[in-house]
Amino acid sequence: QVQLVESGGGLVQPGGSLRLSCSASRSIVSIYAMGWYRQAPGKQRELVATITSGGSTNYADSVKGRFTISRDNAKKMVYLQMNSLKPEDTAVYYCNADRALLYSGPTLGYRELWGQGTLVTVSS
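Computed from a predicted model, the values in this text were never measured in an experiment. (Residues numbered from 1 in each chain as written. Predicted model: local features only at pLDDT ≥ 70, side-chain atom pairs only at ≥ 80, totals over all residues. Heavy atoms only, no water.)

## Re the overall build of the protein
Phase 1 of the analysis: Helix and strand content of the protein: zero helices and 11 strands.
Phase 2 of the analysis: Taken over the C-alpha trace, the protein has a radius of gyration of 14 Å; the compact-globule value for 124 residues is 14 Å, and the two agree within 12%.
Phase 3 of the analysis: Judged by the C-alpha coordinates and their principal axes, the protein covers about 50 × 25 × 25 Å.
Phase 4 of the analysis: For the protein, buried positions account for 43% of its 124 residues.
Phase 5 of the analysis: When contacts within the protein are restricted to residue pairs at least 6 apart in sequence, those whose partners lie at least 24 apart make up 57%.
Phase 6 of the analysis: When the accessible surface of the protein is totalled, it reaches about 6,700 Å², and 48% of it is carbon and sulfur. (Helix = DSSP H or I, 4+ residues; strand = E, 2+ residues; numbered from the N terminus. Rg over C-alpha atoms; globule rule 2.2 N^0.38 Å. Buried < 20%, exposed > 50% of the residue type's maximum accessible area, 1.4 Å probe, protein only. Contact = heavy atoms within 4.5 Å. Areas by Shrake-Rupley, 256 points an atom, 1.4 Å probe, with all protein chains shown as cover.)

Here it is as structure tokens:
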């Protein structure tokens, strides 16, 4: 069952903007940190940005000043506002939940979760 669902990807021209959203299922009780990772063709998956439940953020150097991660704990959602997009940003973007406390059937435990990914293509 899908526990993290991304949305908002698509095709955008260089210099444009996109806003990605990730929602967590109700089976998740809490999440210590949520983040966005991306994987471009021919490259390994890399960190884009993370945010803790307390609001502490970290960004990859390549996106600092252009991307902003935010979180709504009440709604169990995390967002990634991407501005000044470059062709190099083209990738599948994945939502991540670190130290998620959730039920797997009757069992409660901590897990790391990943969404299915949403494709962002920056091209003219």
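## Considerations on the environment of Ser-7
Phase 1 of the analysis: Tracing the sequence through the fold places Ser-7 in strand β1 (residues 4-7).
Phase 2 of the analysis: On the accessibility criterion, Ser-7 (39% relative accessible area) is partly exposed.
Phase 3 of the analysis: Separated by 109 residues in the primary sequence, Ser-7 and Gln-116 have C-alpha atoms spaced 9.9 Å apart.
Phase 4 of the analysis: Among all residues touching Ser-7, those that are not within four sequence positions of it are Arg-19, Leu-20, Ser-21 and Thr-118.

## A few points about the environment of Ala-33
Phase 1 of the analysis: The topology assignment puts Ala-33 in strand β4 (residues 28-39).
Phase 2 of the analysis: Residues Ala-33 and Thr-57, 24 residues apart in the sequence, show an inter-C-alpha distance of 9.4 Å.
Phase 3 of the analysis: When sequence neighbours within four positions are dropped, the list of residues in contact with Ala-33 reads Ile-51, Thr-52, Arg-71, Asn-96, Ala-97 and Asp-98.

## Describing the state of the cysteines
Defined simply, a disulfide is a covalent bond joining two cysteines at their sulfur atoms.
Phase 1 of the analysis: Applying the stated criterion to the full structure yields one disulfide.
Phase 2 of the analysis: The disulfide partner of Cys-22 is Cys-95, and the S-S distance across this bridge is 2.0 Å. Here Cys-22 and Cys-95 share a disulfide; its torsion about the S-S bond, -85 degrees, makes the bridge left-handed. Placement of the pair is Cys-22 in strand β3 (residues 18-24) and Cys-95 in strand β9 (residues 91-104), with a sequence separation of 73 residues. For the pair Cys-22 and Cys-95, a shared accessibility class is recorded, and that class is buried. (Disulfide = S-S within 2.5 Å.)

## Let's talk about the packing of aromatic side chains
Phase 1 of the analysis: The full count for this structure, using the stated rule, is one aromatic pair.
Phase 2 of the analysis: Consider the rings of Tyr-37 and Trp-114, whose centres lie 5.0 Å apart with planes at 65 degrees: the pair is edge-to-face. Pair noted here: Tyr-37 is in strand β4 and Trp-114 is in strand β10 (residues 107-114), with a separation of 77 residues, a long-range link.
Phase 3 of the analysis: Just above the ring of Tyr-94 sits the side chain of Arg-45; from NZ or CZ to the centre is 3.8 Å.
Phase 4 of the analysis: The ring of Trp-114 carries the charged tip of Arg-45 above its face, separated from the ring centre by 4.6 Å. (Phe/Tyr/Trp six-rings, centres within 6.5 Å; stacked < 30°, edge-to-face > 60°. Lys NZ or Arg CZ within 6 Å of the ring centre and 35° of its normal.)

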